[in-house]
Amino acid sequence: MMTPPSFRRHCTGLSFFFLLFSLASWAETKTENVASAPVVELAGTRLIRVKSGSLLEQKFNITTVKKERINTPLLVVTGAVVARLPIGSAPKEDRWQFNSIELSGVYADWQRAQVEKDFNAKRLEKIRELTSAQYHSQKLAVDRLRKLVATGTEAIRDLTAAEATLMEVQLGGQKDVYEAETALTVSSRSRAALERKLLQEGVDPLLLESSAPGVSLVMADVPELRISLVSVGQACAARFYGLPDQVFAGKVRSLAPTLSAERHTLRVFFELNDKADQFKPGMYAEIGLGTDPRDAVMIPTDGVLHSGNADYVLIGAQDGLWRITQVDVGESIDDRIEILKGLREGERIIGNGAILLKPMLVQALQNEEVGGQRPHFGTKP
């Protein structure tokens, strides 16, 4: 059966109409989907997706990480002059000046303990020498009597008496040596206890013995979380509140063996040249630790986001994706901050404007704490 031409034209017109309608519906649906896509959302574990070309993305200042040669401090803490050894003719032990009467008293007790320790050490040595001499002398007498008894020229009772005397000399010598060793142990423990007290009061006893005239000993407390940044021999710079126009260079001489139980800080000790007689015990200073020249990663301070007890930056993973990365930070220099760990040269990060993504960062970290990712959410335009 043949279809009339007019009917075929009519059907063709309807098909074209439905095609136009379908295309319009698809375009409308696509437009709605694009319009409803969130500007920012969580896209995975520690991943944030930002819609490309959005007004939010335009607010970001994207920075490429570079290294710079700097000599600014790794860490800045507050310190104080705890002791000073001026130049003079009096004995070194009598010239030390301290920042408190208590510390001066502990130092005097520590000196007396050293004298007692030295005396007991020499006494023990002499007692051992005397005991040995007495024992060998009596032993020679016993050996001689044994030979004479064997030949019949001496009575056996004389040999027995000599052997008893030898035993008395041996036992008496052991007692004297034991008492001398005990006295030396007590004096050594007393001196060690006073050394610990000196450390608690803020001065390293080893520096009191080794420092040359014309120096001041400075002590600074470093927080427990930052002690990995400090080491013996490290360069440092001190700016005293009483001498604000001068910067004094020094080096870390020693570290306390233990942390302060009350403050959870590590005490750092270093010397400063004081031949010009500028410092006084008790003076406070701002201490910059770690001023040796180094290659450092510097980024805008606004690029670091703090959450909980950690710091984070947003590293570019791919177009529109930013990875939440934990970093260790150093000191700030103007509007930049040093990154000690967590960033590599050449990586892209969000500098100014990163704060706009902090709510998403906090949410991502909270999702980790509860053990899994929650459904994605975002901000619609």
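Right above here is the structure, for reference.
Residues numbered from 1 in each chain as written. Predicted model: local features only at pLDDT ≥ 70, side-chain atom pairs only at ≥ 80, totals over all residues. Heavy atoms only, no water.

With respect to the overall build of the chain
The helix and strand inventory of the chain stands at 7 helices and 18 strands. Considering the chain as a whole, with its 381 residues, one finds that 37% of them fall into the buried category. For the chain, contacts bridging at least 24 residues in sequence account for 71% of all contacts bridging at least 6. Accessible area of the chain: about 22600 Å², with a carbon and sulfur share of 55%. (Helix = DSSP H or I, 4+ residues; strand = E, 2+ residues; numbered from the N terminus. Buried < 20%, exposed > 50% of the residue type's maximum accessible area, 1.4 Å probe, protein only. Contact = heavy atoms within 4.5 Å. Areas by Shrake-Rupley, 256 points an atom, 1.4 Å probe, with all protein chains shown as cover.)

Focus on unusual backbone geometry
The phi dihedral of Arg46 is positive, around 55°, even though this residue is not glycine. In this structure, Arg46 sits in the loop between β1 (40-44) and β2 (47-50). What makes Arg46 partly exposed here is its relative accessible area of 22%. Phi at Asp334 takes a positive value of approximately 55°, unusual for a residue other than glycine. With respect to the secondary-structure elements, Asp334 resides in the loop between β15 (321-333) and β16 (336-341).

Side note on the layout of surface pockets
What the largest pocket holds in volume is close to 380 Å³. Looking at the lining of the largest pocket, the elements that each hand over two or more residues are α5 (156-201) and β10 (265-273). In terms of residue count, the dominant contributor to the lining of the largest pocket is α5 (3 residues). Looking at side-chain class alone, the lining of the largest pocket contains 5 nonpolar, 4 polar and 5 charged residues. One number sums up the size of the second largest pocket: a volume of about 310 Å³. (1 Å grid on protein atoms, 1.4 Å probe; cavity = no way out; pocket = protein on both sides within 12 Å on 5 of 7 lines; lining within 4 Å. Points joined across faces, edges and corners; volume = space filled by probe spheres on them. Nonpolar A, V, L, I, M, F, W, Y, C, P; charged D, E, K, R; others polar.)

A short note on α5
Compared with an ideal rise of 1.5 Å per residue, which puts 46 residues at 68 Å, α5 spans 68 Å between its outermost C-alpha atoms and is within 8% of the ideal. Directly beyond the C-terminal end of α5, a positive phi value near 110° is found at Gly202. (Expected span 1.5 Å × (residues − 1).)

Section: the side chain of Thr265
You can see Thr265 is positioned in strand β10. A relative accessible area of 11% places Thr265 in the buried class. Excluding residues within four positions of it along the chain, Thr265 makes contact with Asp221, Val222, Pro223, Glu224, Leu259 and Ser260.

A closer look at the pattern of salt bridges
Here the structure, examined in full by the defined rule, presents 18 salt bridges. As a salt-bridge pair, Glu163 and Arg146 come within 3.0 Å of each other at their nearest N and O atoms. Separated by 17 residues along the polypeptide, Glu163 in helix α5 and Arg146 in helix α4 (residues 101-151) bring together distant segments of the chain. Note on Glu163: relative accessible area 30%, which makes it partly exposed. In this structure Arg146 comes out as partly exposed when scored by relative accessible area, which is 41%. (Salt bridge = Lys/Arg side-chain N within 4 Å of Asp/Glu carboxyl O.)

Observations concerning the environment of Thr153
Relative to the helices and strands, Thr153 resides in the loop between α4 and α5. Within polar-contact distance, the side chain of Thr153 engages the side chain of Thr151 at 3.3 Å. (Polar contact = N/O pair within 3.5 Å; in protein donor to acceptor, adjacent residues only side chain to side chain.)

What about the packing of aromatic side chains?
Overall, the coordinates contain 6 aromatic pairs when judged by the stated rule. Relative to Trp110, the ring of Tyr107 lies with its centre 5.9 Å away and its plane at 40°, an arrangement referred to as tilted. Taken together, the residues span about one helical turn, with Tyr107 and Trp110 both in helix α4 at a distance of 3 residues. The same class applies to Tyr107 and to Trp110, which are both buried. (Phe/Tyr/Trp six-rings, centres within 6.5 Å; stacked < 30°, edge-to-face > 60°.)

Just geometry here; none of it tells us what the structure is for.
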